[in-house]
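A look at the structure
The chain contents come next:
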Amino acid sequence: MASAALTKQVVSGSTFLGTTVGPKDSLKEQLGVCTVKVSKDAGCWYSPGRSSEVSASKKSGSVVMSVNAVAAPAETANKPSSRKTATKNTCIITGASSGLGLAAAKALAETGEWHVIMACRDFLKAERAARSVGIPKENYTVIHCDLASFDSVRAFVDNFRRTGRQLDVLVCNAAVYFPTDKEPKFSAEGFELSVATNHMGHFLLARLLLEDIEKAEDSLRRMIIVGSITGNSNTVAGNVPPKANLGDLRGLAGGLNGVNSSSMIDGGEFDGAKAYKDSKVCNMLTMQEFHKRYHEKTGVTFSSLYPGCIAETGLFRNHVQLFRTLFPPFQKYITKGYVSEEEAGKRLAQVVSDPKLSKSGVYWSWNKESNSFENELSEEASNPEKARRLWEISEKLCGLA
């Protein structure tokens, strides 16, 4: 992407870290950024770093971004305050540029009681998505976050804190799914991409932001991790091969790099569908370990949920066309488990904001009448010893131990 193209996309009419930039305005004037240099014809994305210069590279070219900041963005220029901004609660939702995350962001923002931080890998996609579904501009902020990069996660936390907003709720929602892949993809740190994004990035994010939630005043104080029925082997869907199974976590302990160890958590051969299911088991185990370690001490509510089968979702974009064609009607007319993105988003928003869903350590589900209830997790997704070991290994891999 050439400099001119970047300038047009970022500057004209975009909201950049909460600041709207007009066609005749410059990044320097509104955001305090002096220069943004991008090598010609190289693909790029903006990742606010913790220093004045940010660089990234690609196999087919390089991207060099020099960001010399002389002032904070307009929204963050004042001294940060730990108190709630105006009367609105603040909720961070990862993966809020599409699907469940976007639907939940819309449901919360429309109440007028919530300001949603959309933590997304693609800044421009998130901006366009928020506008396309009519989320009021004053009720959301997009901040870049690539969960497959620990540096990006840490930069996101820094950038959120500079907004001065109190954090009331964190929703770990984003996920990637590569069911047809025969070979693994890897994250910036060299971990298998499904587990790196769905589990490890969220683990690091949740650990770093727990103290922010704990300090929130007059707040619901919740941390939510989206689970999945496919990782729960006490259900019909959870028994569809390949079944989720973390084994003794030998692959994870070895680094999931496919070189010194397997790229799969259980140490087995790579399977894209199983990698996703394993990552969702990790999500549900992580929620329970957070509850065990921190609920009584902090008062924060930790929960997970399965909002229903969202058969028409971007999560399946990497699946074969036949599956994408047949799966929605199968769920609508055969299993009767179909749930629209809008309905699923309302359910997630309910777990975020409903005082009646304040019990910690719960895996929430909904019946056919859309009434919430406490669901049971499978033995694999509720094993306390496995949850403890998963936590300890994840701490080491994320550099927290």
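Under an unreviewed UniProt entry, the name given to the protein chain is NADPH-protochlorophyllide oxidoreductase, and the organism recorded is Riccia fluitans. Taken verbatim from the UniProt record of the protein chain, the Function (unreviewed entry) comment is "Phototransformation of protochlorophyllide (Pchlide) to chlorophyllide (Chlide)." The protein chain has a UniProt comment under Catalytic activity (unreviewed entry) that states "chlorophyllide a + NADP(+) = protochlorophyllide a + NADPH + H(+)".

Attention shifts here to the sheet that holds strand β5 (residues 89–94). If you walk across this open sheet you meet the eight strands as β7-β6-β5-β8-β9-β10-β11-β12, and the pairing is mixed. Of all the strands in the sheet, the pair left with one neighbour each is β7 (140–144) and β12 (372–375). Along the sheet, successive strands turn relative to each other by an average axial angle of 25 degrees, direction set aside. Here strand β8 (residues 169–172) pairs with strand β9 (residues 222–226) via four bridges, running parallel.

This part takes up the packing of helix α3 (residues 99–109) against helix α10 (residues 341–353). Taken N-terminus to C-terminus, the directions of α3 and α10 make an angle of 60 degrees; their axes are 7 Å apart at the nearest point. When the axis of α3 is compared with that of α10, the two are oblique. Judged by the twist between their axes, the crossing of α3 over α10 is right-handed. Contacts between α3 and α10 involve Gly-99, Leu-100, Ala-103, Ala-104, Ala-107 and Leu-108 from the former and Glu-341, Glu-342, Ala-344, Gly-345, Lys-346, Leu-348, Ala-349, Val-352 and Ser-353 from the latter. Considered class by class, the residues forming the contact of α3 with α10 number nine nonpolar, three polar and three charged.

The rules we used
Residues numbered from 1 in each chain as written. Predicted model: local features only at pLDDT ≥ 70, side-chain atom pairs only at ≥ 80, totals over all residues. Heavy atoms only, no water. UniProt positions renumbered as here; feature names shortened; annotations may be inferred. Pairing = 2+ DSSP bridges. Helix = DSSP H or I, 4+ residues; strand = E, 2+ residues; numbered from the N terminus. Axes fitted to C-alpha atoms, helices over the stretch in contact; angles between N-to-C directions. Parallel < 35°, antiparallel > 145°, perpendicular 65-115°, else oblique. Left-handed = near helix turned anticlockwise from the far one by under 90°. Contact = heavy atoms within 4.5 Å. Nonpolar A, V, L, I, M, F, W, Y, C, P; charged D, E, K, R; others polar.

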